[in-house]
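Notes for the structure review
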Amino acid sequence: MSFYEPYSELSQEAKSLDSAIASLMEELEATNWYHQRYETASDSDLKEIMLHNRDEEIEHCAMLIEWLRRNVPEFDRELRAYLFTDDRLTEVEASVTAAGSSGPPARNSLGIGSLRGR
Ligand SMILES: [Fe+2]
């Protein structure tokens, strides 16, 4: 748990967001660990297991990113802008802003209203 504010004052949305983000961080860390173990394993069977496990962690990362996209509109907007494009990533923001439809994410809200009622 990584709560920086009084737990009792946090909404269920904030708690769910924390859970998703903490889990994503753990999955990314595990991906890194398995990849390093894959690279250094000398036993071929163990090497294969490490690679398999790394790839499963990547799957878990993708599931959590998709949860964030579905539940936090700003993630949805940014992922739609940055994923699956061949554009230079440093130029995506400029093209999104120029398009004018969505603009930069709101800075004062996580916009997780869609979590309400869950
Ligand atoms: Fe995992």
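Residues numbered from 1 in each chain as written. Predicted model: local features only at pLDDT ≥ 70, side-chain atom pairs only at ≥ 80, totals over all residues. Heavy atoms only, no water.

**Some points on the nonpolar core**
Counting seven residues, the largest nonpolar core is built from Leu17, Ala20, Leu24, Cys61, Leu64, Leu68 and Val72. Within the residue set of this core, elements represented by two or more residues are helix H1 (12-40) and helix H2 (44-71). When neighbours within four sequence positions are excluded, Leu64 is seen to be in contact with Ala20, Ser23, Leu24 and Glu27. (Core = buried A, V, L, I, M, F, W, Y, C linked by side-chain atoms within 4.5 Å. Buried < 20%, exposed > 50% of the residue type's maximum accessible area, 1.4 Å probe, protein only. Helix = DSSP H or I, 4+ residues; strand = E, 2+ residues; numbered from the N terminus. Contact = heavy atoms within 4.5 Å.)

**A closer look at the packing of H1 against H2**
Between H1 and H2, whose axes approach to 8 Å, the crossing angle comes to 160 degrees. What the angle tells us is that H1 and H2 run roughly antiparallel. Considering how the two elements wind past one another, H1 and H2 form a crossing that is left-handed. Looking at the contact of H1 with H2 residue by residue, the class counts come to 16 nonpolar, six polar and six charged. (Axes fitted to C-alpha atoms, helices over the stretch in contact; angles between N-to-C directions. Parallel < 35°, antiparallel > 145°, perpendicular 65-115°, else oblique. Left-handed = near helix turned anticlockwise from the far one by under 90°. Nonpolar A, V, L, I, M, F, W, Y, C, P; charged D, E, K, R; others polar.)

**A short note on the coordination of the iron ion**
Distances from the iron ion to its protein donors, namely Glu27 (OE), Glu57 (OE) and His60 (ND1), fall within the range 2.0 to 2.1 Å. In the primary sequence, the donor residues of the iron ion line up as E-x29-E-x2-H. In this pair, Glu27 sits in helix H1 while Glu57 sits in helix H2, placing the two residues 30 residues apart along the sequence. There is no split in this pair, since Glu27 and Glu57 are both buried. (Donors = N, O, S within 2.8 Å, 3.2 Å for Na, K, Ca; no water.)

**Here we look at the pattern of salt bridges**
With the rule as written, the count across this model stands at six salt bridges. The residue Arg69 makes a salt bridge to Glu66 at a minimum N-O spacing of 2.7 Å. Residue Arg69 and its partner Glu66 are located together in helix H2, separated by three residues, close to a single helical turn. You can call Arg69 partly exposed: its relative accessible area is 23%. Given the relative accessible area of 25%, Glu66 is considered partly exposed. Notably, a salt bridge pairs Arg69 with Asp76, separated by 2.6 Å at the nearest N-O pair. By relative accessible area, which is 18% here, Asp76 ends up buried. Counted as one network, the salt bridges with shared partners bring together Glu66, Arg69, Arg70, Asp76 and Arg80. (Salt bridge = Lys/Arg side-chain N within 4 Å of Asp/Glu carboxyl O.)

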